[in-house]
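What the coordinates show
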Amino acid sequence: MLIDENHYLDGAEQVQSPNYNERPSEEEISLLVIHNISLPPGRYGGGYIEQFFQNQLPVAVDPFFEEIKELQVSSHLLIERTGRIVQFVPFSKRAWHAGISEYQGRDGCNDFSLGIELEGTDDEPYTDIQYKQLAEVTRAIQERYPAITLDRIVGHCDIAPIRKTDPGPSFDWQKYRSLVFGI
Ligand SMILES: [Zn+2]
């Protein structure tokens, strides 16, 4: 996998989200944040995550959608259960995935991070193809943004521990690291 000159992942499907803005000037991309999401919660497929990140959730489909419809959020990438990868925001821009957050004394992690959503939940195992895709994406990201070192790949739970639990106990960090780094 490669990241092109416009900061898009080759091979990802592009779906534009309006929910992004500029990073602070001269801000180096130096953190990778792994999340999970499923819409409605615990259900897969349906395309609702894409609609959510485009502020176009069909609220009649599920009562939960009514609760979250006003949220304006996004991630750079979504990796679906099937391995399909969608990119919503170019990596050079600030996606709105981390919320109130802090890593190693710096707050506002959206300023300097990339966000990847795995379609999933905290307690159901992710699919093998998701791990494979995530590992390949991680290698491409590290090649392009070398400040993202092994110790700067974290879960949303690590930068917003009071509010967030994702990617949850279901995410096998050891399996992921061994796929990416061979350790
Ligand atoms: Zn999250």
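Anyway, here's the lowdown on the structure attached to this text. (Residues numbered from 1 in each chain as written. Predicted model: local features only at pLDDT ≥ 70, side-chain atom pairs only at ≥ 80, totals over all residues. Heavy atoms only, no water.)

Observations concerning the sheet that holds strand E9 (residues 113–119)
- Taken in spatial order, the six strands line up as E1-E5-E4-E9-E3-E10 in an open sheet, and their pairing is mixed. Looking at the sheet topology across the chains shown, the edges are occupied by strand E1 (13–14) and strand E10 (153–155).
- In terms of strand pairing, strand E4 (residues 77–79) meets strand E5 (residues 85–87) through three bridges, oriented antiparallel. When the bridges of E5 are listed, leucine 77 appears paired with glutamine 87.
- Running at roughly 170° to E9, helix H3 (residues 128–144) makes contact with strand E3 (31–37), E4, E5, E9 and E10 of the sheet.
- Strands E3 and E10 of the sheet are contacted by helix H5 (residues 173–181), whose axis makes an angle of about 160° with E10. (Pairing = 2+ DSSP bridges. Helix = DSSP H or I, 4+ residues; strand = E, 2+ residues; numbered from the N terminus. Contact = heavy atoms within 4.5 Å. Axes fitted to C-alpha atoms, helices over the stretch in contact; angles between N-to-C directions.)

Notes on the coordination of the zinc ion
- Donor atoms from the polypeptide that coordinate the zinc ion comprise His35 (ND1), His156 (ND1) and Asp166 (OD), at 2.0 to 2.1 Å from the metal.
- Sequence spacing among the residues donating to the zinc ion works out to H-x120-H-x9-D. Of this pair, histidine 35 sits in strand E3 while histidine 156 sits in helix H4 (residues 156–159), placing them 121 residues apart in sequence.
- Taking the relative accessible area as the measure of exposure, histidine 35 reaches 1% and is therefore buried. (Donors = N, O, S within 2.8 Å, 3.2 Å for Na, K, Ca; no water. Buried < 20%, exposed > 50% of the residue type's maximum accessible area, 1.4 Å probe, protein only.)

Concerning the pairing of E9
- Among the seven residues of E9, seven are classified as buried, and the element is accordingly described as predominantly covered.
- Every second residue of E9 is oriented toward a common face, with Ser113, Gly115, Glu117 and Glu119 on one face and Leu114, Ile116 and Leu118 on the other, all of them buried.
- As judged from the seven bridges shared by E3 and E9, these two strands associate in the parallel manner. Bridged to isoleucine 37 within E9 is glutamate 119.
- Where E4 lies against E9, three bridges are found, and the strand directions are parallel. Paired with leucine 77 across the strands is isoleucine 116, a residue of E9.

Considering H3
- Between the first and last C-alpha of H3 there are 25 Å, a value that for 17 residues agrees with the 24 Å anticipated at 1.5 Å per step.
- Every buried residue of H3 is listed here: Gln130, Tyr131, Gln133, Leu134, Ala135, Val137, Thr138, Ala140, Ile141 and Gln142.
- Residues of H3 that are buried sit in contact with E3, E4, E5, E9, E10 and H5. (Expected span 1.5 Å × (residues − 1).)

Structural notes on the nonpolar core
- Membership of the largest hydrophobic core comes to 27 residues, with the highest contact counts inside it found for Leu9, Ile141, Phe171 and Tyr176.
- Counting only elements with at least two residues in this core, the list comes to E3, E4, E9, H3 and H5.
- If one sorts the elements of this core by residue count, H3 sits on top with six residues.
- With near-sequence residues (within four places) excluded, phenylalanine 171 lies in contact with Ile34, Leu118, Tyr126, Tyr131, Leu134 and Tyr176.
- Counting residues in each nonpolar core, the second largest holds 15 residues, with Val15, Phe52, Phe65 and Val89 among its members. (Core = buried A, V, L, I, M, F, W, Y, C linked by side-chain atoms within 4.5 Å.)

Some remarks on the packing of aromatic side chains
- Following the criterion strictly, the structure yields 10 aromatic pairs and no others.
- Centre to centre, the rings of phenylalanine 53 and phenylalanine 88 are 5.0 Å apart; their planes meet at 85°, and the pair counts as edge-to-face. Of this pair, phenylalanine 53 sits in helix H1 (residues 48–53) while phenylalanine 88 sits in the loop between E5 and strand E6 (94–95), and the two are 35 residues apart along the sequence. For the pair formed by phenylalanine 53 and phenylalanine 88, the shared burial category is buried.
- Clustering of aromatic rings is evident, with ring pairs tying together Tyr126, Tyr131, Phe171, Trp173 and Tyr176.
- Note that arginine 81 overlies the ring of tyrosine 44, its terminal NZ or CZ placed 4.2 Å from the centroid. (Phe/Tyr/Trp six-rings, centres within 6.5 Å; stacked < 30°, edge-to-face > 60°. Lys NZ or Arg CZ within 6 Å of the ring centre and 35° of its normal.)

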